[in-house]
Amino acid sequence: QVQLVESGGGLVQAGGSLRLSCAASGRTISRYAMGWFRQAAGKEREFVAAITWTGVGTMNADSVKGRFAISRDNAKNTVYLQMNSLKPEDTAVYYCAADIDALRLDIRSAEYDYWGQGTQVTVSS
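Just so you know, these numbers come straight off a predicted model, no measurement behind them. (Residues numbered from 1 in each chain as written. Predicted model: local features only at pLDDT ≥ 70, side-chain atom pairs only at ≥ 80, totals over all residues. Heavy atoms only, no water.)

Draft legend 1. Main features of unusual backbone geometry. Even without glycine at this site, N77 takes up a positive phi of about 55°. Tracing the backbone shows N77 in the loop between β7 (68-73) and β8 (78-83). Classification of N77 by relative accessible area gives buried; the value is 13%. Look at S85: it is not a glycine, yet its phi comes out positive at around 50°. Within the secondary structure, S85 sits in the loop between β8 and β9 (92-99). (Helix = DSSP H or I, 4+ residues; strand = E, 2+ residues; numbered from the N terminus. Buried < 20%, exposed > 50% of the residue type's maximum accessible area, 1.4 Å probe, protein only.)

Draft legend 2. Structural view of the side chain of R72. Looking at the secondary structure, you find R72 in strand β7. D73 is the oppositely charged side chain nearest to the buried, salt-bridge-free R72, at an N-O distance of 8.3 Å. At a separation of 2.6 Å, a polar atom in the side chain of R72 contacts the main-chain carbonyl oxygen of I29. Polar side-chain contacts of R72 include one of 2.8 Å to the side chain of N74. Beyond its immediate chain neighbours, meaning those up to four positions away, R72 contacts I29, S30, Y32, A33, M34, I51, T52, W53, G55, T78, V79 and Y80. (Lys, Arg positive; Asp, Glu negative; His and termini not counted. Salt bridge = Lys/Arg side-chain N within 4 Å of Asp/Glu carboxyl O. Polar contact = N/O pair within 3.5 Å; in protein donor to acceptor, adjacent residues only side chain to side chain. Contact = heavy atoms within 4.5 Å.)

Draft legend 3. Layout of the state of the cysteines. Taken as a whole, this structure holds 1 disulfide when the rule is applied. Put simply, C22 and C96 are joined by a disulfide, and their sulfur atoms are 1.9 Å apart. The sign of the S-S torsion, about 50°, decides the handedness of the disulfide formed by C22 and C96: right-handed. With C22 in strand β3 (residues 18-25) and C96 in strand β9, this pair connects stretches of sequence that are 74 residues apart. A residue is classified by how much of its surface remains accessible, and C22, at 0% relative accessible area, is buried. Judged by its relative accessible area of 0%, C96 is buried. (Disulfide = S-S within 2.5 Å.)

Draft legend 4. Main features of the environment of C22. Along the backbone, C22 and V123 are 101 residues apart, and their C-alpha atoms lie at a distance of 20 Å. Look past the residues within four positions of C22 in its chain and what remains in contact with it is L4, V5, E6, M34, W36, N77, T78, V79 and C96.

Draft legend 5. Geometry of the pattern of salt bridges. Counting across every chain of the model gives 5 salt bridges. Residue E46 pairs with R38 through a salt bridge whose shortest N-O separation is 2.6 Å. When its relative accessible area of 34% is taken as the criterion, E46 is described as partly exposed. Between K65 and D62 there is a salt bridge whose closest N-O contact spans 3.0 Å. Here the two residues K65 and D62 agree in accessibility, since each one is exposed.

Draft legend 6. Focus on the pairing of β3. Sheet topology note: the strand β1 (residues 3-7)/β3 ladder contains 5 bridges and is antiparallel. Across the sheet, V5 pairs through a bridge with A23, a residue of β3. One ladder, built from 6 bridges, connects β3 with β8; its direction is antiparallel. In the sheet register, R19 faces β8, and the bridge partner there is Q82. (Pairing = 2+ DSSP bridges.)

This is how it looks when you write it as C-alpha cells:
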C-alpha cells in the first residue's frame, strides 16, 4: 500500500504562486508514474499534470501549460507541483495520485491506483 499526503495549498491572490508537495510512504514510488488532478466545487475531477517514473517525461493539461510544472524527487519519495501565475479558475482541491502500471502517462483518473486526501487551493481575484 502507498499513502500519499498532499501539502502546500492555501489562499493566494491572482498572479501569485504556490508549490504543492505530495509525500509518499509505505512503499517507494520511484517506479510509478505520478499525476496531479483537481476538483473544483460542483465540477468533475480533472487532470492537471503527470510525470514518468524517471522524471524525464511530463504532460500538462492545456489549461495550465506554461504556468504549472510537475517534478519529482525519488530520493525523497515526493512529487511537486509548482503553480505560477495563478488564476481564480485554478481554485480547487488538488490531489496527487500514483499509477503503478504506467507504460505511458495517462490523463484518466480511473487509471491511477493510489490517491491522496487532497489540499485546497484558493485563488482570489
